[in-house]
Amino acid sequence: MPDLIAPTVRLHAAWLEAHDEWGPGLHEDGFGLRSTDEVRSSEGFAAWVTRLADQSDPAKPLEAARVPCTYRWIVEDDRVLGGIALRHELNDYLLRVAGHVGYGIRPSARGRALATWALGRMLAQARALGLGRVLLVCEAGNVSSSRTIERCGGVLEGILGTDLGPARRYWITL
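Presented here is a report on the structure given in the accompanying data block. (Residues numbered from 1 in each chain as written. Predicted model: local features only at pLDDT ≥ 70, side-chain atom pairs only at ≥ 80, totals over all residues. Heavy atoms only, no water.)

**Regarding the nonpolar core**
Residues Ile74, Ile84, Tyr103, Leu119 and Leu136 are the most contacted members of the largest nonpolar core, which totals 25 residues. Sorting the residues of this core by element identifies β3 (79–87), β4 (101–105), α4 (114–128), β5 (133–139) and β7 (165–173) as the ones contributing at least two each. For this core, the leading source of residues is α4, giving eight residues. With near-sequence residues (within four places) excluded, Leu136 lies in contact with Val101, Tyr103, Leu119, Ile149, Arg168, Arg169, Tyr170 and Ile172. Counting residues in each nonpolar core, the second largest holds 20 residues, with Ala14, Ala18, Val75 and Ala85 among its members. (Core = buried A, V, L, I, M, F, W, Y, C linked by side-chain atoms within 4.5 Å. Buried < 20%, exposed > 50% of the residue type's maximum accessible area, 1.4 Å probe, protein only. Helix = DSSP H or I, 4+ residues; strand = E, 2+ residues; numbered from the N terminus. Contact = heavy atoms within 4.5 Å.)

**Notes on the packing of α4 against helix α5 (residues 143–151)**
For the pair α4 and α5, the least separation of the axes is 9 Å and the interaxial angle reads 40 degrees. On the basis of the axis angle, α4 is oblique to α5. In this structure, α4 crosses over α5, and the sense of that crossing is right-handed. On α5, the residues touching Ala115, Thr116 and Leu119 of α4 are Thr148, Ile149 and Arg151. Here the residues of the contact of α4 with α5 are counted per class, giving three nonpolar, two polar and one charged. (Axes fitted to C-alpha atoms, helices over the stretch in contact; angles between N-to-C directions. Parallel < 35°, antiparallel > 145°, perpendicular 65-115°, else oblique. Left-handed = near helix turned anticlockwise from the far one by under 90°. Nonpolar A, V, L, I, M, F, W, Y, C, P; charged D, E, K, R; others polar.)

**Overview of helix α1 (residues 12–22)**
All buried positions along α1 are accounted for by His12, Ala14, Trp15, Leu16, Ala18, His19 and Trp22. Residue Gly23 follows α1 closely and has a positive phi angle near 90 degrees.

**So, helix α2 (residues 42–55)**
Taking 1.5 Å per residue, 14 residues should reach 20 Å; α2 reaches 20 Å between its end C-alpha atoms and fits that length. Within the sequence span of α2, burial applies to Gly44, Phe45, Trp48, Val49, Arg51, Leu52 and Gln55. In an axial view of α2, the angular spread of the buried residues amounts to 155 degrees, which keeps them on one side of the axis. Each element contacted by the buried residues of α2 is listed here: α1 and β2 (69–76). (Expected span 1.5 Å × (residues − 1). Arc of directions from axis to C-beta.)

See below:
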């Protein structure tokens, strides 16, 4: 049975295994990974995990253009299957391009409805934060993600061009 957990240095090797399965690049949505993050070394990984924890702590100051965000890893038997992020508010960029929630499931774990399961749990977290509705954005051609969002109550606002290409925009009323 999977679990949603806060990022932890304890799963460094397991996270790297998932990252390597995705292949090169920053396409693991839901992990908050930036091109400047050095995650191979223990020290770099620990710094990244600390940054993710700090971003969800309302007492910690945020970098410019960042919003509070809760990161969770989808884990089963100490294997990292994916990640999901809930942004507590939207800035102009997030409103145009990314939305409140981002998630990704490693290729070998797809087809198990893990994204639907994780999104349902993060929507409960969004309710607890007092959000009345959340925006989810996915690539226009990402049929699996569209179905996940629709299963969780997403209503298509439309397909718009973004800096990253055409994207489907969904709202989920909480």
